[in-house]
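# Tertiary structure, described
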Amino acid sequence: MKNTFIGAPMERREDLRFLRGRGEYVDDIRLEGLLHAVILRSPVGHGRIASLDTAAALKCPGVHAVISAKDMPGSVPIIPMRLQPLPEFKPYEQPVLAHDKVRYVGEPVAVVLAESVALGEDALEAIRLDIEPLPAIADCTTAAQNRSLLFETTATNCSLVFHARKGDADAAFRDAPYTRREHFSTGRHYGLTMEPRGVMAQWDAEKERLTIFGAAKVPFFNRRILAKQIGLPETAIDMIENDVGGGYGARGEFYPEDFLIPFAARYIKRPVKWIEDRRENLMAMNHAREASAEIEIACARDGTILALRGDIHNDMGAYMRTNGAVGARNVCQFLAGPYRVPHVKLDSHLWMTNKTPVGTYRGPGRFESNFFLERLIDMVSPDLGIDRVDFRRRNLVTQAEQPYPIAHVQPTDAKDQYDSGEYRAAFDHCLKEIGWDEKVKLCGQLIDGRYHGLGISCFIEGGAAGPRETARLEVNDDGTFSVYLGTTSVGQGVETIFAQIAADALEVPIDRIRHVYHGSTHYVSDGYGAYHSRSTVMGGSALLDATKNLHAAIRAAAAKRLGCDVSTISISEDKISSADGRSFLLRELAGLSAEGVFNNHHHTYSYGSHAAHVAVDPKLGQIEIIDYVVVQDVGRAVNPLTLRGQVIGAVVQGLGGACLEHLQYDDDGQFLTGSLADYLLPTASDFPTLRCVITEDYPSPNNPLGAKGAGEGGIIAAGGALANAVAHALAPFGAQPRTLPLTPSKVWELVMSRNAP
Amino acid sequence: MQVRFEVNGCEVEVAVEPRLTLADCLRHHLRLTGTHVGCEHGVCGACTVLVDGKAVRSCLMLAVQADGGKVVTVEGLSQDEGLTPLQASFRKHHALQCGFCTPGMITTAHALLTAEPDCDADRVREVLSGNLCRCTGYVSIVEAVLDARAAYKGSGS
Amino acid sequence: MKMPPFDYACPATLPEALALLSAHDGDAKLLAGGQSLVPVLAFRLAAPKLLIDLRKLTDLRTINITPGGISLGAMVRWCDIECDGRLCTAHPLLVAAVAHVAHYQIRNRGTVGGSIAHADPAAEMPGIAVTCEAEIVAASKAGTRIIKAGDFFQGALTTALEADEIIVEIRLPAWPAGRRWGFQEFARRRGDFALAAAALFYDRDASGKAANAHVGVIGVADRPLRLSSVEAVLNGTSIDAATIAQAEAATSAAINPDSDIHASGAYRKALAGTMVERALKMAVE
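Counting from 1, residues in each chain are numbered in the order their sequence is written. Chain letters start at A and ligand numbers start at 1, both assigned in the order the entries are written. For a predicted model such as this one, the threshold for reporting local features is a pLDDT of at least 70, and the threshold for listing and counting side-chain atom pairs is 80 or more; totals across whole chains, interfaces and linings nevertheless cover every residue.

## Thoughts on the overall build of chain A
A count of helices and strands for chain A gives 19 helices and 30 strands. With the radius of gyration taken over C-alpha atoms, the globule rule is written as 2.2 Å times the number of residues to the power 0.38. A compact globule built from 757 residues should have a C-alpha radius of gyration of about 27 Å, and chain A, at 27 Å, falls within 12% of that. Along the three orthogonal principal directions, the C-alpha set of chain A runs to about 85 × 75 × 50 Å. With 757 residues in all, chain A has 61% of them scored as buried. Contact criterion: two residues are in contact if their C-beta atoms, reconstructed from the backbone, are within 7 Å. Considering only contacts in chain A between residues 6 or more positions apart, those separated by 24 or more positions represent 82%. Starting at the N terminus, helices and strands are each numbered in turn, a helix being any DSSP run of H or I of at least four residues and a strand any DSSP run of E of at least two. Whether a residue is buried, exposed or partly exposed is read from the other C-beta atoms within 10 Å of its own C-beta, which are placed from the backbone; 20 or more gives buried, 12 or fewer gives exposed, and intermediate counts give partly exposed.

In structure tokens form, the structure reads like this:
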């Protein structure tokens, strides 16, 4: 039976519980004897802790303990880096609790354990925390002066510089007939999740086992860190993944609370639950995206790009987090985007500042670099007298050049190449979808009091990070199958997608895939998780391997049972038969299971373009999106319904970062955007007109599914497309947006900086 | 304090502190965890329930204010078997991903469609602009609500 | 973000409520719709000893329209105003402004009295009250007094209301047929507090020129402002393009807004002028 569940827009299994309010997120789970943790966080951006007096708090009603650094046996554990764990970063890593200094508003200082969250918060007010303020490092420029150091053991606030190199950029610039240098910046924002974070820990003193609820993203890796920090073998710790209310890169990295709560459970010998509130989440979940760039481009007179050179300055916040270097590395490695750039010399500086630490957010470093380059292209093409569409078409990498090698990044020795794709095809498709040829003449025209503009931006999206993933298949006692995955759910629909892949590979009706289990560490021997758009490719490919192994195991068991040769066994849905017609039902092999693994060192590169048609009110500074199209080639779509959801959802996040969302601090490192009235998320009214077209023209040669990770492309080019559209709308004013977010106030300033003729 | 009210058609009585929100009362005292808490300051809408037929932010109501009232949560808008037309429309249009905002979307949409089964896309967007979603980008949610209008039109408002 | 502890009372009558309020000598807060108060408590920006819930005072939830004017009981909710068809003709400016208040769920609970008492500088209702010369009726154990809207709002979140007073009614003067009016608001997103808004109206004298102009701006100072200099530009003129441009300029000249995380002062200054300009264009049509 040849199935075609892969490629079908199947409705999701997960929906059945979510729609009825029967999802099980970590705060929905109760344990007997639970105590609630409430965290005392630094109210100051930079300072020395003079004293911490918890005596009064301990006397508050319902309080069982107050844990601070002095309660840790030995030194306060430090959170190591998971990705790019370079020795240079070591001095900048974060202790799980502040003990001598505080370095950002929101940094954990103590943990109160109480009968209820409310009583815990009452007790927080009784804690006396005295901090001697130190001069705050509020931005990269101040950090670079190195007058005030965040870490006294270091000589600089720059934790590292990444160097992206290809060819000989200096020579190319020397000989180039045309160069242009510009500066740009993107504002700080983050992957806010609708469900804030939460951790619940239970310590079984008898069995000496620790169970952690609320795991997400990379539970196997987090278990490894926790085991070392808390002094237990990994096998004594179970990380349970419950339902997860969004990830986007921000949830699921190892945060201080991921140590503090398990530590508290062992300390107090009762289960402990911590649920982050929104005020905390804004100041404690990983920030992202704040970068400024000084970049120059060298071109031939015909518009061929010769070289890119420049510096990017990343505002890293106060500590190097588990994956904090990824964005800064990506921003220089991928600045060239989907374009052919033979010579690259880009330095990406990581500056530590008194702000919430930075981690990855969907399309890390790629959103920023796309904005920088796409704006630059739109500035450069008129200089050369070349249409911006022709300029792009001339420089987009072609399928004939694939695999196309990109800049090499040191340290980390990151070498990469794009896998497959005719980027111009997606580009042309996108132009056609938005009606570019008919509508481009509207650029700069004033219609009904608003200026119209069209913008375009092209992206590549790296996916399928290795090194490997694991999946397990098991026969159930009714002959159905259960799938166990080492990758995790962050809401993308893994229970449905993997059922589709399994049903196709096993050649059974989809309802014979009874359940897909994901994330928790007791399901498979090892796992890597969900990040870098890897779940479908890595988990799916591992599942295909598991299927092969399970079929082999079934045949071997059947051959033994029926006393015949393995090659004579045939499997048809739930019946196993030998050549001579003897058979038995699959359910009789209940419990039989097989693991599969997929090893991969080749990223996939999904690609495409965004086009935006905007109308800008010059007096309000309001940007209305009249039409917005994304065309994205994903190689192979497992579920087009959920894939469309990923693209549209990502676009709205991108547009949020382009014009609404902005985490702000004052010069003293005081956090200013402490509520959802200050940090503005897109709502249903803001971007009603969005369309996407998914194509499958160029499967990836790098995995058996031919799929490419595709969850981030929708966000990557949103800033570039929107800003370019605004620039063309406000061309009569000579407006050149160089900064995101493009708020009404900022847009108005662009208009006012030069008056219309 | 003792509070008595009706939840999803059942009379309940709970002993609560005055400062306990209706959201926390539903979730932790009545174990109806379908209502979610996303911000606790009345912006995100994940906590939306119906009180005396009107969609309200349960994080902005004290449990004691519900005394004598009729509360309906997402669980009360569900069937034991299968999905309601509104839920089925959400599923068909992939109007949810992580599911966290979904109960608030369902209760708000139900209130809107009950009162205004002829609402148009602009009205749906206006009403839903008080419910934040981070996953879907809203397009599929609006499609799902519009598609569900047919099921509410027969009910004679 | 759990609230600090407090006691709770739900009096059945206004005298009971007033007695409780005065007995607590400034340490009690009134709970109307809760849409402004509860977030304040959730952020622990206030810690009252007692919350006095006004929900049983159903007399305060009436809308009376007489030839003398419109009386809104303090507990009238936004959804009540939306649903009262009479108000479309009885006070179209009020209806237009209320359409911008917050979101669907908040409008089912939030009250007129609550908004007036909270006095957010970017809220619509205080702006309407000031523009229309509303009277705020406040009751206390000593009796009732009438406070003119122009005297009521004293600063951001600060009003002339005493600690032992409860707003019971907001009175808007009668709205004559033939009155021209306009309301314009610009916010970052639908339902957000205004970056700036303008509420205005004028009548016409025997020769058809504008008279009795009232122009108010919201969100550009620590309280809503009535701009007499702009009213002077309008009165005695026929509102043509030149007058509108003058009024816009006069608006910007009359105010000095601060910068904040959402917008610069210069932007708000210009924006308020644009709001007046567009409100006038709306009025003229």
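## Section: the sheet that holds strand 13 (residues 291-299) of chain A
All names here are of chain A. Following DSSP output, two strands are said to pair if at least two bridges run between them. Pairing within the open sheet is mixed, and its six strands lie in the order 8-13-14-15-7-17. The sheet is open, and its two borders are formed by strand 8 (178-186) and strand 17 (408-410), each paired with just one other strand. Strand-to-strand, the axes of this sheet are offset by a mean angle of 15 degrees, without reference to chain direction. With nine bridges joining them, strand 8 and strand 13 adopt antiparallel strand pairing. Paired with Arg 181 across the strands is Glu 296, a residue of strand 13. Axes here refer to lines fitted to C-alpha atoms; in helices the fit is confined to the stretch in contact. Angles between the N-to-C directions go from 0 to 180 degrees.

## What about the pairing of strand 28 (residues 604-617) of chain A?
Residue and element names in this part refer to chain A. Counting buried positions along strand 28 gives 13 out of 14 residues, so the element sits mostly inside the fold. Sheet analysis places strand 20 (residues 450-463) next to strand 28, joined by 13 bridges and oriented antiparallel. Bridge pairing in strand 28 links Gly 462 to Tyr 605. Note that strand 28 and strand 29 (residues 622-633) share 11 bridges and pair antiparallel. Paired with Val 614 across the strands is Ile 625, a residue of strand 29. Between the end of strand 28 and the start of strand 29, which pair antiparallel, lie four residues, with Gly 621 showing a positive phi angle near 75 degrees.

## Notes on helix 1 (residues 14-23) of chain C
Helical periodicity: at 3.6 residues per turn, an α-helix aligns residues three or four positions apart in one direction. Residues and elements named next belong to chain C. Among the residues of helix 1, those classed as buried are Ala 17, Leu 18 and Leu 21. Down the axis of helix 1, the buried side of the element spans an arc of 95 degrees, and every buried residue falls inside it. Those residues of helix 1 that are exposed and aimed more than 90 degrees away from the buried face are Pro 15 and Ala 23. Positive phi appears at Asp 25, one or two residues downstream of helix 1, with a value of about 45 degrees. Arc definition: it is the arc formed by the directions from the helix axis to the C-beta atoms.

## Let's talk about the nonpolar core
Formed by 409 residues in total, the largest nonpolar core has its most connected members in Val 112, Val 483, Ala 502, Val 651, Leu 722 and Val 726 of chain A together with Ala 196 of chain C. The contact partners of Ala 196 of chain C, leaving out residues within four places of it in the chain, are Phe 186, Val 217, Ile 218, Gly 219, Val 220, Arg 268, Leu 271, Ala 272 and Met 275 of chain C. We define a nonpolar core as a collection of buried residues of the types Ala, Val, Leu, Ile, Met, Phe, Trp, Tyr and Cys that are connected via C-beta atoms lying within 7 Å of each other.

## Remarks on the sheet that holds strand 2 (residues 28-31) of chain C
Residue and element names in this part refer to chain C. Strand order in the open sheet formed by three strands is 1-3-2, and the pairing between neighbours is parallel. Two strands lie at the open edges of the sheet, namely strand 1 (7-9) and strand 2, each paired on one side alone. Between one strand and the next, the sheet's axes are offset by a mean angle of 25 degrees, whatever the strand orientation. On top of the sheet, helix 1 reaches strand 1, strand 2 and strand 3 (50-53); it is set at about 165 degrees to strand 3, its chief contact.

## Section: the domain arrangement of chain B
Residue and element names in this part refer to chain B. Each assigned domain of chain B is listed here: domain 1 (2-77) and domain 2 (85-153). Here the C-alpha centre of domain 2 lies 21 Å away from the C-alpha centre of domain 1. At the junction of the two partners, domain 1 supplies 15 residues and domain 2 supplies 12 residues. Within the residue set of the side of domain 1 that touches domain 2, elements represented by two or more residues are strand 3 (48-51) and strand 4 (54-57). Broken down by element, the residue count for the side of domain 1 that touches domain 2 peaks at three residues, all from strand 3. For the side of domain 1 that touches domain 2, the residue count by class is eight nonpolar, six polar and one charged. Where each domain starts and ends comes from a domain assignment, either automatic or drawn from a database. Residue polarity follows a fixed list, in which Ala, Val, Leu, Ile, Met, Phe, Trp, Tyr, Cys and Pro are nonpolar, Asp, Glu, Lys and Arg are charged, and the others, Gly among them, are polar.

## Topic: the interface of chain C and chain A
Taken together, the contact pairs 17 residues of chain C with 21 residues of chain A. Residues belonging to the side of chain C that touches chain A are distributed by class as follows: 11 nonpolar, two polar and four charged.

## A short note on unusual backbone geometry
Pro 411 of chain A follows Gln 410 of chain A through a cis peptide bond whose omega is -15 degrees. Along the chain, Leu 740 of chain A connects to Pro 741 of chain A via a cis peptide bond; the corresponding omega equals 0 degrees. With respect to the helices and strands, Pro 741 of chain A occurs in the loop between helix 18 (718-729) and helix 19 (744-752). Although it is not a glycine, Arg 289 of chain A adopts a positive phi angle of roughly 75 degrees. Take Arg 289 of chain A: it is sitting in the loop between helix 8 (278-284) and strand 13. Looking at Arg 289 of chain A, the number of C-beta atoms within 10 Å reads 28, which means it is buried. Even without glycine at this site, Glu 40 of chain B takes up a positive phi of about 60 degrees. Its place among the elements puts Glu 40 of chain B in the loop between helix 1 (22-29) and strand 3. On the basis of neighbour counts, which here come to 27 C-beta atoms within 10 Å, the residue Glu 40 of chain B falls in the buried class.

## Comments concerning the interface of chain B and chain A
Each partner contributes residues to the interface: chain B has 44 residues there, and chain A has 43 residues. Counting only elements with at least two residues in the side of chain B that touches chain A, the list comes to helix 2 (85-92), helix 3 (102-115), helix 4 (121-128) and helix 5 (139-153) of chain B. Considering only residue class, the side of chain B that touches chain A consists of 21 nonpolar, 15 polar and eight charged.

## Here's the deal with helix 16 (residues 640-659) of chain A
An expected span of 1.5 Å times one less than the residue number is assigned to each helix. Along its 20 residues, helix 16 of chain A runs 29 Å from first to last C-alpha, staying within 8% of the 28 Å computed at 1.5 Å per residue. Counting buried positions along helix 16 of chain A yields 18 of 20 residues, so the element is predominantly enclosed.

## Focus on the pairing of strand 14 (residues 305-315) of chain A
All names here are of chain A. With 10 of its 11 residues buried, strand 14 lies for the most part within the structure. Examined bridge by bridge, strand 13 and strand 14 share nine bridges and lie antiparallel to one another. The partner of Cys 299 across the bridge, within strand 14, is Ile 305. Counting the residues in the hairpin turn of strand 13 and strand 14 gives five residues, including Gly 303, whose phi is positive at 95 degrees. Relative to strand 15 (residues 343-351), strand 14 is paired through nine bridges, and the arrangement is parallel. When the bridges of strand 15 are listed, His 313 appears paired with His 349. For crossovers, right-handed means that the path from the first strand over the helix to the second runs clockwise, given strands pointing away from the viewer. Of the crossover connections in this fold, the one passing from strand 14 over helix 9 (residues 325-333) to the parallel strand 15 is right-handed.

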